[in-house]
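# Coordinate inspection notes
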Amino acid sequence: MTAERGIPRQAVILVGGEGTRLRPVTSRVPKPVAPVVERPFVAYILDNLARHGVERAIFSTGFLADAIEAVIGDGSGYGLEVSYAVEAEPLGTAGAIANCDGLLDDGPFYVFNGDVLSDVDLSALAATHAAKGGMGTIFLTPVEDPRRYGLVELREDGAVASFLEKPGEWEGTALINAGVYVLEPEVLEMIPRGRLFSIERGVFPKLAAAGSLYGYVDHGYWRDIGTPDSYLQAHFDILERQVDTSVGDVLGEQYLYVAPTAEVTPGARIVPPCYVADGARVGAGARIGPLAVLGAGAVVGEGATVVEAVIQAGVIIGAHAQVEGSILVQGSSVGAGTQLSGAVLGEGCVVGAGNRLAGGICVYPDTELPDNSIQFYEQLRGREGI
Ligand code: GDD
Ligand code: MG
């Protein structure tokens with residue numbers, strides 16, 4: 001199929017990175033399919049692509065490729081045809097795109113970094129690309145601290161004047177590469193095959209120097225979910241409907257979803273925004289929310305509180321435990337009366353009763369903490385009751 005210039009019907013999704021900064025959330029599950037409000041993260045990307053007329057997505061995988069394919073399959077559950085280009089060794093962001101060459105049709109294509117949550121208007125990005133006539137057009141978003149992103153300076157006509165990946169020094173708000181592009185197939189010819197090559201360092205600066213790279217600035221919602229804080233915040237943003245998603249549609253005007261198969265004991269409180277998945281159980285006197293996700297089959301004991309937290313599938317929270325600002329990965333458990341504040345528990349962690357964990361602590365999978373073994377107090381910025 002030949003697409004008209006500027007109207008992509010196909011996309012490459014880069015999902016081969018190791019996601020190390022998101023451990024222990026990603027110790028056992030690849031970042032692109034880590035659950036975000038009970039859906040594999042890339043489902044949000046696929047929704048957006050499908051909404052803008054994309055029919056085929058090619059996943060460029062490497063690290064834990066099989067685990068990604070096992071979740072996404074042929075894409076039929078997501079309204080797109082999905083295929084896979086698997087790397088034996090990481091090829092970098094450009095090498096990974098070039099590795100999809102044989103699976104791409106003629107015409108332009110979208111590229112998505114696999115950890116970007118955004119409801120960006122892809123059709124507007126593609127229209128800008130078609131109007132400007134460059135080899136590539138990058139979605140740009142302003143951030144307060146651009147140092148860990150690709151810093152982009154624009155000329156008045158929208159052409160990229162310079163592209164600097166991860167600038168060491170920079171003060172103040174700037175436009176960054178949001179990790180979503182439209183590229184012409186000719187860009188593939190600039191990428192050496194079979195070796196590590198970065199689009200941010202090896203391709204974009206060259207295209208910019210040639211005057212053939214453009215920016216599309218969008219001030220809408222954008223987030224890279226690559227760290228535990230950002231992953232947690234992405235859940236809050238979806239629950240608060242800051243970003244347009246199908247989950248937001250389900251939450252509706254009440255900002256609340258309680259699955260029909262969930263069991264909420266009378267006297268328990270579910271405070272929106274809140275999402276309670278299939279088969280979750282909430283004991284008497286417990287409080288869930290605001291800003292909480294309770295995964296499928298999770299159990300919250302009587303009198304426990306879960307506030308601003310992500311509780312994945314099958315997690316067990318003991319009676320009178322208090323969980324706040326924390327991520328509990330599937331299969332972990334917390335004993336009675338334990339308090340978690342700003343903690344991340346990896347898969348299968350068992351934290352016994354009467355513990356107190358705080359301050360951004362990350363507990364790696366399968367760790368077992370006996371009852372009453374840790375009392376970590378943090379200066380809790382004036383919060384009471386913790
Ligand atoms: N297939 C494959 N092979 N994918 C890769 C590889 C690789 O060797 N390396 C990275 N990726 C994928 C990652 O899985 C991720 O989805 C995406 O490429 C970007 O990699 P990150 O490791 O998340 O990069 P980053 O967040 O530090 O920076 C990138 O994203 C920023 C926006 O979030 C850059 O593109 C920056 O310029 C940009 O500002
Ligand atoms: Mg990233």
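Just so it is clear, the structure is predicted and the values come from calculations on it, not from any experiment.

## A few points about the overall build of the protein chain
Assigned secondary structure in the protein chain consists of seven helices and 33 strands. Compactness check: the protein chain gives a C-alpha radius of gyration of 22 Å against a globular reference of 21 Å for 386 residues, within 12% of the reference. With the C-alpha coordinates of the protein chain rotated into their principal frame, the extents come out at 65 × 45 × 40 Å. The buried share of the protein chain, taken over its 386 residues, is 53%. Sequence-distant contacts, at least 24 apart, represent 49% of the contacts inside the protein chain between residues at least 6 apart.

## A word on the layout of surface pockets
Estimated volume of the largest pocket: approximately 1,000 Å³. Every residue lining the largest pocket is counted, 40 residues in all, and those nearest its centre are Gly17, Arg21, Lys31, Thr93 and Asp115. If you list the elements that add at least two residues to the lining of the largest pocket, you get helix H3 (92-98), strand E11 (174-183), helix H5 (199-209) and strand E13 (222-224). Of the residues belonging to the lining of the largest pocket, the class tally is 13 nonpolar, 15 polar and 12 charged.

## Here we look at the side chain of glutamine 10
By secondary structure assignment, the location of glutamine 10 is in strand E1 (residues 10-14). According to the relative accessible area criterion, glutamine 10 is buried, its value standing at 4%. Here arginine 56 takes part through its side chain, which lies 3.4 Å from a polar atom of the side chain of glutamine 10. Ignoring any residue separated from it by four or fewer positions in sequence, one finds glutamine 10 in contact with Val54, Arg56, Leu104, Asp105, Asp106, Gly107, Pro108, Phe109 and Tyr110.

## Concerning the pairing of E11
Judged by how many residues are buried, E11 sits mostly within the fold: 10 of 10 residues are covered. With four bridges connecting them, strand E6 (residues 109-113) and E11 associate as antiparallel partners. Across the sheet, valine 111 pairs through a bridge with tyrosine 181, a residue of E11. By the bridge criterion, seven bridges tie strand E8 (residues 136-143) to E11 in an arrangement that is antiparallel. What sits directly across from leucine 140, in E11, is asparagine 177.

## Quick word on the sheet that holds strand E25 (residues 322-324)
With parallel pairing, six strands are arranged side by side in an open sheet as E16-E19-E22-E25-E28-E31. The open sheet is flanked by strand E16 (269-270) and strand E31 (356-358), the only strands paired with a single partner. Inspection of the sheet shows strand E28 (residues 339-341) paired to E31 by three bridges, in the parallel sense. Counted as the bridge partner of serine 341 is alanine 358 from E31.

## A closer look at the domain arrangement of the protein chain
Quoted interface sizes are often the accessible area lost when the parts come together. Here the domain parsing of the protein chain yields domain 1 (10-230) and domain 2 (255-369). Each of domain 1 and domain 2 has a C-alpha centre, and the two are 33 Å apart. Taken residue by residue, the interface counts nine residues in domain 1 and 17 residues in domain 2. Overall, the association of domain 1 and domain 2 removes approximately 1,100 Å² of surface from exposure, summing both partners, and the carbon and sulfur fraction of that is 67%. The largest per-residue losses of area from domain 1 upon contact with domain 2 belong to Pro24, Arg28 and Glu38, which jointly make up 54% of the total buried on that side. Where arginine 28 meets glutamate 347, a salt bridge forms, and the shortest distance between an N and an O atom there is 4.0 Å. Inspection of the region where domain 1 meets domain 2 yields two residue pairs in polar contact (both at pLDDT 80 or more). Among the residues making up the side of domain 1 that touches domain 2, the classes are represented as five nonpolar, one polar and three charged.

## Some points on the sheet that holds strand E24 (residues 316-317)
Taken in spatial order, the seven strands of this open sheet run E15-E18-E21-E24-E27-E30-E33, and their pairing is parallel. Two strands in the sheet have a free side with no partner beyond their single neighbour: strand E15 (263-264) and strand E33 (368-369). Where E24 meets strand E27 (residues 333-334), two bridges bridge the pair, whose relative direction is parallel. Considered in E27, the bridge of isoleucine 316 is made with serine 333.

## Side note on unusual backbone geometry
Looking along the chain, the bond that leaves arginine 23 and enters proline 24 is cis, with omega of 5°. Topologically, proline 24 is positioned in the loop between E1 and strand E2 (35-36). A cis amide bond, omega 5°, links glycine 289 with the succeeding residue proline 290. Looking at the secondary structure, you find proline 290 in the loop between strand E19 (287-288) and strand E20 (292-294). The phi torsion at arginine 241 lies on the positive side, around 60°, for a residue other than glycine. In this structure, arginine 241 sits in the loop between helix H6 (228-239) and helix H7 (246-251). At leucine 291, a position not held by glycine, the phi torsion is positive, near 60°.

## Side note on the nonpolar core
In this structure, Ile13, Leu46, Leu49, Phe59, Ile72, Tyr110 and Leu117 are the most contacted members of the largest nonpolar core, which totals 61 residues. Both of domain 1 (10-230) and domain 2 (255-369) provide at least three residues apiece to this core. Every residue in contact with leucine 49, bar those within four places of it in the chain, is listed here: Ala11, Ile13, Val54, Leu80, Tyr110, Phe112 and Leu122.

Each value, and the rule that gives it
- Residue numbers restart at each chain and count upward from 1, following the sequence in its written direction.
- Both sets of labels track the order of writing: A upward for chains, 1 upward for ligands.
- This being a predicted model, a pLDDT of at least 70 is required before a residue's local features are given, and a value of 80 or more before pairs of side-chain atoms are given or counted; all residues contribute to the totals for chains, interfaces and linings.
- Side-chain calculation: all heavy atoms of the structure are included, whereas hydrogens and water are not.
- Secondary structure elements are taken from DSSP: a helix is a run of H or I of four residues or more, a strand is a run of E of two residues or more, and numbering for both begins at the N terminus.
- Only the C-alpha atoms count toward the radius of gyration. The rule for a globule is 2.2 Å times the residue count to the power 0.38.
- In this scheme, a residue with accessible area under 20% of its type's maximum is buried, one over 50% is exposed, and one in between is partly exposed, where area comes from a 1.4 Å probe on protein chains only.
- We call two residues in contact whenever any of their non-hydrogen atoms come within 4.5 Å of each other.
- A cavity here means a set of points on a 1 Å grid, drawn over the protein atoms and nothing else, where a 1.4 Å probe fits but cannot get out; a pocket is an open set with protein on both sides within 12 Å along at least five of seven lines, and a residue lines either one if it has an atom within 4 Å of a point.
- Grid points are joined across faces, edges and corners, and a volume is the space filled by probe spheres set on the points.
- Each residue receives one of three labels: charged for Asp, Glu, Lys and Arg, nonpolar for Ala, Val, Leu, Ile, Met, Phe, Trp, Tyr, Cys and Pro, and polar for the others, Gly being one of them.
- We call two N or O atoms a polar contact when they sit within 3.5 Å, provided that within protein one can donate a hydrogen and the other can accept it, with sequence-adjacent residues counted only if both atoms are side-chain atoms.
- Pairing between strands requires that DSSP locate at least two bridges from one strand to the other.
- Each domain span listed reflects an automatic or database assignment of domains.
- Put simply, buried area is the surface a 1.4 Å probe can reach on two separate parts but cannot reach once they are joined, added for both.
- Put simply, a salt bridge is a Lys or Arg side-chain nitrogen that is within 4 Å of an Asp or Glu carboxyl oxygen.
- Working definition of a nonpolar core: buried Ala, Val, Leu, Ile, Met, Phe, Trp, Tyr and Cys residues. They are joined through side-chain atoms within 4.5 Å.

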